[in-house]
Each structure stands twice: as C-alpha cells, then as structure tokens.
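Inside the fold
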Amino acid sequence: MNHSLTRRHLMAGAAATGAVLALPATALAQTAAKTPLVGPLAPNPAEFKKTVQQFLGSAKPLSEGLQLDVAVLADNPSAVPVKAKVTLPITNEEWCEEIIVLAELNPSPLTCRLRFTADTGTAEAAVRIRLSQTQTIHAMARMKSGKVLVAKQAVTVAASGCGM
C-alpha cells in the first residue's frame, strides 16, 4: 500500500521535472525563430529591389499570364521546387525572352535566370531553389513585345536552408 503511494509521487515528480526542463528549450526556440538573420545569411533588400528594377525597366508589370507553382510549405529548404510557366500564346511574333525567379529574403535574391527563343515553342521551367527563411518567391517573365509578367507566392520554410 505504501509502495503505490511512493510510486505515484515519484511519477508525478518526474513528470513535473520533465515539464520544467522542457520550458527553457521551448522559450529558446521561440526566441530563435524571431531573431533576424545576420551576416552572410541576412536578406539583401537593396539587391532584390535593384534586380526587379533592372528587369522591369520602364515596363508596367502585369499580374496575368504567368503561372507560378511553389509549395506553400517548404519542408526541405535546400531544394524547394519552383515551376514558372507563361500561359499566354507563344507565336513567332510574341514569345517569352526571359524568366527570372527571385527569393525576396535570400542573401542573393536572384535564384535563376532562363532565356528562351521563338523556336522554343513554350516558356516554362521547373527548378529547385534554396531558401534561407520563410519568404515570398517572385517570378518575372519578359515578352518580346516588352511586356513584363509577374507572379508571386509566399512560402513557409520549415528550417534554414542556406546555412546548411
């Protein structure tokens, strides 16, 4: 009779100790998630803005005609699949000359640049990119006529990819 009371007290004490020990790790994880990246992993907003401006030139961005497929949750930030596809008709007079994919908060925002010709017949590409943190992925396509098509998608990163 006395053994079960002692065992019960021991189990309750062990559970309480485990809960207390888990608290600092949880608090530390929440603090680390809110700490901005610094050093070589820090975002480069000036480079992102410069790349967008250079690609746009004087064109007004159009939000229709470019399809961007990216998973909302990137469980492997070292290789996030991204697919960009121009949905406008491709002809000998009007085709996509170039598609770029940008990761807004990566240290080097330009993740890929793809060039096409009229003979390509389509303008689509599937690539894998590395993400440093949760952010928005942007795709931009420049057509032969000078139109610039844009699309974007927010992606939540499960863990840091650039520092791996």
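Residues numbered from 1 in each chain as written. Predicted model: local features only at pLDDT ≥ 70, side-chain atom pairs only at ≥ 80, totals over all residues. Heavy atoms only, no water.

Let's talk about the overall build of the protein
Tallying secondary structure elements over the protein gives 2 helices and 9 strands in all. Listing each helix as α and each strand as β along the protein from the N terminus yields α-α-β-β-β-β-β-β-β-β-β. Out of the 164 residues in the protein, the part that is buried amounts to 29%. Partitioning the contacts of the protein with sequence separation of at least 6, the portion at a separation of at least 24 is 67%. (Helix = DSSP H or I, 4+ residues; strand = E, 2+ residues; numbered from the N terminus. Buried < 20%, exposed > 50% of the residue type's maximum accessible area, 1.4 Å probe, protein only. Contact = heavy atoms within 4.5 Å.)

Focus on the confidence of the model for the protein
Mean pLDDT over the protein: 83, with 74% of residues reaching 70 or higher. Taken as a whole, residues 19–32 scores under 50 in pLDDT and shows 0 contacts with residues more than four places along the chain or in a different chain. (pLDDT = per-residue confidence, 0-100.)

Overview of helix α2 (residues 45–56)
The end-to-end C-alpha distance of α2, which contains 12 residues, comes to 16 Å, matching closely the 16 Å that a straight helix rising 1.5 Å per residue would cover. Among the residues of α2, those classed as buried are F48, T51, V52, F55 and L56. End-on, the buried residues of α2 take up no more than an arc of 125°, which puts them together on one face. Facing away from the buried surface of α2 by more than 90 degrees, the exposed residues are A46, K49 and Q54. Where α2 is buried, its residues meet β1 (61–62), β5 (96–103), β6 (110–115), β8 (135–143) and β9 (148–157). Two residues or fewer past α2, G57 is found with a positive phi of approximately 60°. (Expected span 1.5 Å × (residues − 1). Arc of directions from axis to C-beta.)

Focus on the nonpolar core
Membership of the largest hydrophobic core comes to 25 residues, with the highest contact counts inside it found for V86, C96, I99, L131 and I137. Contributing elements (two or more residues each) for this core: β2 (66–70), β4 (80–86), β5, β8 and β9. In this structure, I99 is in contact with A84, V86, C112, R113, L114, F116, A123, M140 and A141, ignoring residues within four places of it in sequence. F48, L56, I100 and V148 belong to the second-largest nonpolar core, a separate cluster that totals 8 residues. (Core = buried A, V, L, I, M, F, W, Y, C linked by side-chain atoms within 4.5 Å.)

Section: the pattern of salt bridges
All chains considered together, the criterion is met by 5 salt bridges. Two residues, K83 and E124, come together in a salt bridge whose shortest N-O distance is 3.5 Å. Remark: E124 occurs in strand β7 (residues 124–129) and K83 occurs in strand β4; sequence separation between them is 41 residues. Owing to a relative accessible area of 32%, K83 belongs among the partly exposed residues under this scheme. Judged by relative accessible area, E124 falls into the partly exposed class, the value being 31%. (Salt bridge = Lys/Arg side-chain N within 4 Å of Asp/Glu carboxyl O.)

Notes on the environment of G39
Along the polypeptide, G39 turns up in the loop between α1 (2–34) and α2. Through-space distance from the C-alpha of G39 to that of P107 is 9.2 Å; in sequence the pair is 68 residues apart.

Considerations on empty space enclosed by the protein
Any empty space left between atoms is shown by rolling a water-sized probe over those atoms. The full count for this structure, using the stated rule, is 1 cavity of 30 Å³ or more. Computed from the structure, the largest cavity encloses a volume of approximately 30 Å³. Every residue lining the largest cavity is listed: V82, K83, A84, V101, C112, L114, A125 and V127. Going through the elements one at a time, β4, β6 and β7 are the ones with two or more residues in the lining of the largest cavity. Ranked by the residues each element gives to the lining of the largest cavity, the list is headed by β4, at 3 residues. (1 Å grid on protein atoms, 1.4 Å probe; cavity = no way out; pocket = protein on both sides within 12 Å on 5 of 7 lines; lining within 4 Å. Points joined across faces, edges and corners; volume = space filled by probe spheres on them.)

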